[in-house]
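Architecture at a glance
Letter by letter, the chains look like this.
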Amino acid sequence: MGSVAIILKIMPESPEVDIGALKESIRTQVPETRDIREEPIGFGLVALKIAVIVPDEAGAPDAVEQKLRELEGVGSAEIVELTLT
Amino acid sequence: MATEKPHLNLAVIGHIDHGKSTTVGRLLFETGSVPPHIIENYRKEAESKGKGSFEFAWVMDNLKEERERGITIDIAHKRFDTDKYYFTIVDCPGHRDFVKNMITGASQADAALLVVAAPDGVMEQTKEHVFLARTLGINQLIIGINKMDAAKYDEKRYNEVKDQLSQLIKMVGYKPDDVHFIPMSAFKGTNISKHSEETHWYKGVTLLEALDTLKEPEKPTNLPLRLPIQDVYSISGIGTVPVGRVETGVMKKGMKVSFMPANKEGEVKSIEMHHEEQPEALPGDNVGFNVRGIGKGDVRRGDVCGPADAPPTVADEFTAQIVILHHPSALTVGYTPVFHCHTAQIACTFIELQKKLDPRSGQVKEENPTFLKTGDAAIVKIRPTRPMVIEKVKEIPQLGRFAIRDMGSTIAAGMCIDITPKQMR
């Protein structure tokens, strides 16, 4: 089976969330993370985009979304793009 | 400059093992998009081994390895240039659990390249992917009849597969006369960038030529505003700030907007993106906006923002065309799985199974079937268990498609073809 590169968009719970600390916990909790970038929205809110590689198999996309949603400070996490590597 | 060419997103679809990845690799190779050092290493390797036929597989393996090591947000997608366009490739995963993400995701494919192996013809996943392409709103299609080398470059076999495929695509609404069917071999490089002697009977375009016949998509700015809400914030000193991506239409400062199914109205006070105030937001923009007259508890994820004079449609019931991707047994009236449509996730009940469709003939196979199973395509009637915004795919395609999930796996994908609206006022 192949691997899938996915890009997720993560929104913080509030503008007060420490984005630096959030990035750190993403890297530790989701070690498959290859890249993280800040995408400023507005009103003090900053979204994070992250690139992750997962196997092309059952449950793979859900597992990553779920893991990210459980992190402290995360309001929402969803896959916005994907492709086989 | 390459970057000044218009950009298209190309989805590559097809049955597993029909040569999707080889086709993608071949496109990159023939357009000079494989990094030079990989080609150089290949030359050395080929010289030392003295063989040419393993060439392609070798390039592909190395490319894959290198990509997985160095993937970033910018280069998650493979890219190549034709004379006219600059393409990024969405190489569709084989597992159906990714279908939901393709339907609710951000990057809409502008065209699909369907790869079908000539020796096999139409297979289960070919059928599934054609339905998905249509459901995803991909209106431009190119078909590569691949592995012609394994079918002795036989014109008769090409025509048989072409006929099968014409029936299949006609059923979901593509016009076979508008679609290029290219006999090719991605492995050998046949009819990719150059016409090949082996298929002297074929007078049509090569794959690269076919890609240049595609049309550039228009931004859906002429449709009414639809902005599905992703998150809602209450920000001190400012007020309620919903966040989301504009799917269609234009949001302007000062506009009177309506949120459905919340049934709340307000006025857009300001719009921000990239931490800067914007006079308007266009399709594809990820924005936060402050609305006068709306409290944080009034709207939530899954609501849709639209103009007050053309508010999003709330469905009491709707009719849909669906394809069952995977169901462990049989699906019957009364089944109530979760529908994922834009940012909404709502349990909906199948209240009528109207027609089962036959993908090979394009005809109705059965009126009022008693059940549906994996692989079936059907017209069904659905009733959401709570108010839900959905639009007819013919009117606002971006809000007319959905994925159906149950027990953590993707069951089906579909599009809304008719709606019995709920009166909200």
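Starting afresh in each chain, residues are numbered from 1 along the sequence in its written order. All chains are assigned letters beginning at A, and all ligands numbers beginning at 1, according to the order in which they are written. Local features in this predicted model are restricted to residues whose pLDDT is 70 or higher, and side-chain atom pairs enter the listing and the counts only when it is 80 or higher, whereas totals over whole chains, interfaces and linings include all residues. Water and hydrogen atoms were dropped before computing side-chain values, which therefore reflect all heavy atoms in the structure.

Identification of chain B as Translation elongation factor 1 alpha subunit from hydrocarbon metagenome is taken from an unreviewed UniProt entry. UniProt positions are given in the numbering used here, feature names are shortened, and annotations may be inferred rather than shown by experiment. As recorded by UniProt, the Subcellular location (unreviewed entry) comment attached to chain B reads in full: "Cytoplasm". UniProt, in the comment section headed Catalytic activity (unreviewed entry), describes chain B in these words: "GTP + H2O = GDP + phosphate + H(+)".

Another point: the confidence of the model for chain B. A residue-level look at chain B finds 97% of positions with pLDDT of 70 or above and a mean pLDDT of 91. Scored as a whole, the predicted complex attains pTM 0.91, and scored at its interfaces, ipTM 0.94. Along the chain, pLDDT gives the predictor's confidence residue by residue, from 0 to 100.

What follows covers unusual backbone geometry. All names here are of chain B. For the bond running from Met260 to Pro261, omega is -5 degrees, close enough to zero to count as cis. We count a stretch as a helix when DSSP gives it H or I for four or more residues in a row; a strand needs E for two or more, and each element gets its number in order from the N terminus. Residue position: Pro261 is located in the loop between β10 (256-260) and β11 (264-273). We note that Asn368 has phi near 45 degrees; this positive angle belongs to a residue other than glycine. Mapping Asn368 onto the fold places it in the loop between β19 (363-367) and β20 (377-384).

Time to look at helix α5 (residues 124-135) of chain B. Residues and elements named next belong to chain B. Expected helix span is computed as 1.5 Å times (number of residues minus one). Between its first and last C-alpha, α5 extends 17 Å over 12 residues, near the 16 Å set by a 1.5 Å rise per residue. Here the term buried applies to any residue with accessible area under 20% of the maximum for its type, exposed to any over 50%, and partly exposed to those in between, with areas from a 1.4 Å probe on protein chains only. Counting buried positions over the 12 residues of α5 gives 11, a clear majority of the element. Inspection of α5 places Gln125, Thr126, Lys127, Glu128, His129, Val130, Phe131, Leu132, Ala133, Arg134 and Thr135 among the buried residues, and these make up the whole buried set. Downstream of α5 by one or two residues, Gly137 has phi in the positive range, about 80 degrees.

This paragraph deals with the pattern of salt bridges. Take a side-chain nitrogen of Lys or Arg and a carboxyl oxygen of Asp or Glu: if they are within 4 Å of each other, that pair is a salt bridge. Considering all chains together, one arrives at 28 salt bridges over all chains under this definition. Two residues, Glu277 of chain B and Lys253 of chain B, come together in a salt bridge whose shortest N-O distance is 3.1 Å. Linking Glu277 of chain B in strand β12 (residues 276-278) with Lys253 of chain B in the loop between β9 (251-252) and β10, this pair joins segments that are 24 residues apart in sequence. Here Glu277 of chain B falls in the partly exposed class, since its relative accessible area comes to 46%. Lys392 of chain B is paired through a salt bridge with Asp418 of chain B; the nearest N and O atoms lie 3.6 Å apart. Of this pair, Lys392 of chain B sits in the loop between β21 (388-389) and β22 (401-406) while Asp418 of chain B sits in strand β23 (residues 409-421); the two residues are 26 residues apart in sequence, bridging distant segments of the chain. For Asp418 of chain B, a relative accessible area of 38% corresponds to the partly exposed category. Linked through salt bridges whose partners overlap, the residues forming this network are Glu65 and Arg69 of chain A together with Lys100 of chain B.

Further remarks concern the packing of aromatic side chains. Residue and element names in this part refer to chain B. Ring geometry is summarised as follows: Phe, Tyr and Trp rings, the Trp one being its six-membered ring, pair when their centres sit within 6.5 Å, and such pairs are stacked at plane angles under 30 degrees, edge-to-face over 60 and tilted between the two. One pass over the structure, following the stated rule, counts 10 aromatic pairs over all chains. The interplanar angle of 80 degrees and the centroid separation of 5.9 Å between the aromatic rings of Tyr85 and Phe87 together place this pair among those described as edge-to-face. Owing to a relative accessible area of 3%, Tyr85 belongs among the buried residues under this scheme. The class of Phe87 is buried, set by a relative accessible area of 0%. Residues Phe318 and Phe402 carry aromatic rings whose centres are separated by 6.0 Å and whose planes lie at 65 degrees to one another, so their mutual orientation is edge-to-face. Of this pair, Phe318 sits in strand β16 (residues 314-324) while Phe402 sits in strand β22, and the two are 84 residues apart along the sequence. An aromatic cluster is built from Phe318, Tyr335, Phe339, Phe350 and Phe402, whose rings are joined through pairwise contacts. Criterion for a charge above a ring: Lys NZ or Arg CZ within 6 Å of the ring centre, and within 35 degrees of the ring normal. Above the plane of the ring of Tyr174 lies Arg134, whose end atom (NZ or CZ) is 4.5 Å from the centre. Lys356 extends its terminal NZ or CZ atom over the ring of Phe371, reaching a point 5.8 Å from the ring centre.

Okay, the interface of chain A and chain B next. Here, two residues are considered to be in contact whenever any of their heavy atoms come within 4.5 Å of each other. At the interface, 49 residues of chain A touch 48 residues of chain B. With both chains or domains summed, chain A and chain B bury close to 3,800 Å², and 58% of this area falls on carbon and sulfur atoms. Applying the counting rule to chain A against chain B returns 4 salt bridges. Asp74 of chain B serves as the salt-bridge partner of Arg37 of chain A, at 2.9 Å between the closest nitrogen and oxygen. Whenever a nitrogen or oxygen atom comes within 3.5 Å of another N or O atom, the pair is scored as a polar contact, on the condition that within protein one atom can donate a hydrogen and the other can accept it, and that pairs from neighbouring residues in sequence are kept only if both atoms are in side chains. If you look at where chain A meets chain B, you find 26 residue pairs in polar contact (both at pLDDT 80 or more). Among the secondary structure elements, those contributing two or more residues to the side of chain A that touches chain B are β1 (3-12), β2 (33-42), β3 (45-55), α2 (60-69) and β4 (74-84) of chain A. In terms of residue count, the dominant contributor to the side of chain A that touches chain B is β4 of chain A (9 residues). Summed over both partners, the accessible surface that disappears when two parts come together, traced with a 1.4 Å probe, is what is meant by buried area.

All names here are of chain B. As annotated, the domain borders come from an automatic or database domain assignment. Here the domain parsing of chain B yields domain 1 (7-35 + 74-212), domain 2 (227-307) and domain 3 (314-421). Taken together, the 21 residues of domain 1 in the interface contact 24 residues of domain 3. Where domain 1 abuts domain 3, roughly 1,900 Å² becomes buried across the two surfaces, and 63% of that area is made up of carbon and sulfur atoms. Among the residues of domain 1 in contact with domain 3, Lys100, Thr135 and Met171 are the three that bury the most area, contributing 29% of the side total.

Moving on, we come to helix α1 (residues 20-30) of chain B. Of all the positions in α1 of chain B, only Lys20, Thr23, Val24, Gly25, Arg26, Leu27 and Leu28 of chain B are classed as buried. A positive backbone phi angle near 70 degrees is found at Gly32 of chain B, which sits one or two residues after α1 of chain B.

The next subject is the side chain of Lys100 of chain B. Positionally, Lys100 of chain B belongs in helix α4 (residues 99-104). Judged by relative accessible area, which is 7%, Lys100 of chain B ranks as buried. What Lys100 of chain B contacts, discounting residues up to four positions off in sequence, is Glu65 of chain A together with His340, Ala403, Arg405 and Thr410 of chain B.

Here the focus is the sheet that holds strand β5 (residues 140-146) of chain B. The pairing of strands in a sheet comes from backbone hydrogen bonds and takes either a parallel or an antiparallel form. Residue and element names in this part refer to chain B. Criterion used throughout: strands pair if DSSP finds at least two bridges between them. Pairing is mixed in the open sheet, where 6 strands are placed in the order β2-β3-β1-β4-β5-β6. The open sheet has two edge strands, β2 (78-81) and β6 (180-183), and neither has a second partner. Sheet twist, expressed as the mean angle between neighbouring strand axes with direction ignored, is 25 degrees. Examined bridge by bridge, strand β1 (residues 7-14) and strand β4 (residues 111-117) share 5 bridges and lie parallel to one another. Bridge pairing links Val12 to Leu113 in β4. Axes, fitted as lines to C-alpha atoms, cover a helix only where it is in contact. Angles between the N-to-C directions of the axes lie from 0 to 180 degrees.

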